[in-house]
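Spelled out, the chains give:
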Amino acid sequence: MAKMTDEEADYWDEYYTKNPPKVSGDGKSGFFMKHKGNVVILDDLSATYLHARSESSHKTPSEIISEMVQERLAMAQ
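**Student:** Just to check I follow, could you spell out the overall build of the chain for this structure?
**Tutor:** For the chain, the helix and strand inventory stands at three helices and two strands. Element order for the chain, N to C, with α for helix and β for strand: α-β-β-α-α. Burial status across the chain gives 10% buried among its 77 residues. Within the chain, contacts between residues separated by at least 24 positions form 15% of all contacts whose residues are at least 6 apart in sequence. Looking at the chain as shown, the accessible area adds up to about 6,600 Å², and 56% of this sits on carbon and sulfur atoms.

In structure tokens:
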């Protein structure tokens, strides 16, 4: 996973300070930020699965989701 430059970190810090992500607040869903700043809302089961798989594989949730999507697309061809 590529590291951010100081300028990129400053940009995203300012961006999310001025535009905090909106979440449901229902206490039943978690969220992960994608690399490009999009927010994805997940149910508890999905969030727990991604967290556990992330820890065991030493990959980010985004990397795991990307792999799953790529596998699904490859099966569809």
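**Student:** What is the right way to read helix H2 (residues 44-57) from this model?
**Tutor:** Residues separated by three or four positions in an α-helix point in the same direction, a consequence of the helix having 3.6 residues per turn. Given a rise of 1.5 Å per residue, 14 residues ought to cover 20 Å, and the 20 Å separating the end C-alpha atoms of H2 matches this to within 8%. The complete set of buried residues in H2 reads Ala47, Leu50 and Ser54. Buried residues of H2 fall within an arc of 65° about the axis and therefore sit on the same side. Of the exposed residues in H2, the ones pointing more than 90 degrees away from its buried face are Leu45, Thr48, Glu55 and Ser56. Where H2 starts, the residue carrying a side-chain oxygen 3.1 Å from the main-chain nitrogen of Leu45 turns out to be Asp43.

**Student:** How should the packing of H2 against helix H3 (residues 61-76) be read in this particular structure?
**Tutor:** To describe two helices that pack against each other, one gives the angle between their axes and the distance between the axes. Interhelical geometry of H2 versus H3 gives an angle of 100° and a closest axis separation of 9 Å. Classified by the angle their axes make, H2 and H3 are roughly perpendicular. For the pair H2 and H3, the contacting residues are Tyr49, Leu50, Arg53, Ser54 and Ser57 in the first and Pro61, Ile64, Ile65, Glu67 and Met68 in the second. In terms of residue class, the contact of H2 with H3 is made up of six nonpolar, two polar and two charged.

**Student:** Could you clarify how one ought to interpret the packing of aromatic side chains in this entry?
**Tutor:** Aromatic rings in a pair are described by how distant their centres are and how their planes are angled relative to each other. Considering all chains together, one arrives at five aromatic pairs under this definition. An angle of 80° between the planes, with centres 4.9 Å apart, marks the rings of Tyr11 and Trp12 as edge-to-face. Given the relative accessible area of 27%, Trp12 is considered partly exposed. Here Trp12 and Tyr15 contribute two aromatic rings whose centre-to-centre distance is 5.5 Å and whose plane-to-plane angle is 85°, an arrangement assigned as edge-to-face. Placement of the pair is Trp12 and Tyr15 together in helix H1 (residues 6-18), with a separation of three residues, close to one helical turn. Connected via pairs of aromatic rings, a cluster forms that spans Tyr11, Trp12, Tyr15 and Tyr16.

Rules of the game
- Residue indices follow the written sequence of each chain, beginning from 1 at its first position.
- Owing to the predicted nature of the model, reporting of local features is limited to residues with pLDDT of at least 70; listing and counting of side-chain atom pairs is limited to 80 or more, with chain, interface and lining totals taken over all residues.
- Calculated side-chain values reflect all of the structure's heavy atoms, with hydrogen atoms and water omitted.
- Numbering goes from the N terminus for both helices and strands, where a helix is a DSSP run of H or I of at least four residues and a strand is a run of E of at least two.
- When accessible area is computed with a 1.4 Å probe and restricted to protein chains, residues below 20% of their type maximum are described as buried, those above 50% as exposed, and intermediate ones as partly exposed.
- What makes two residues a contact is simply this: any of their non-hydrogen atoms within 4.5 Å.
- For the accessible areas, the method is Shrake-Rupley and the probe is 1.4 Å, while residue cover comes only from the protein chains on display.
- In a helix, the anticipated span is given by 1.5 Å times the number of residues less one.
- Working note: the arc is built from the helix axis to C-beta atom directions.
- Under the rule applied, a polar contact is a pair of N or O atoms within 3.5 Å (in protein, one hydrogen donor and one hydrogen acceptor; residues adjacent in sequence only if both atoms are side-chain atoms).
- In this analysis, axes come from line fits to C-alpha atoms, helices being fitted only over the stretch in contact, and the angle between any two N-to-C directions falls in the range 0 to 180 degrees.
- Our angle categories are set so that under 35 degrees counts as roughly parallel, over 145 as roughly antiparallel, 65 to 115 as roughly perpendicular, and the remainder as oblique.
- Under the scheme applied, nonpolar residues are Ala, Val, Leu, Ile, Met, Phe, Trp, Tyr, Cys and Pro; charged residues are Asp, Glu, Lys and Arg; polar residues are all the others, including Gly.
- Each Phe, Tyr or Trp ring, with Trp reduced to its six-membered ring, pairs with another whose centre is within 6.5 Å; inter-plane angles below 30 degrees give stacked pairs, above 60 give edge-to-face pairs, and intermediate values give tilted ones.

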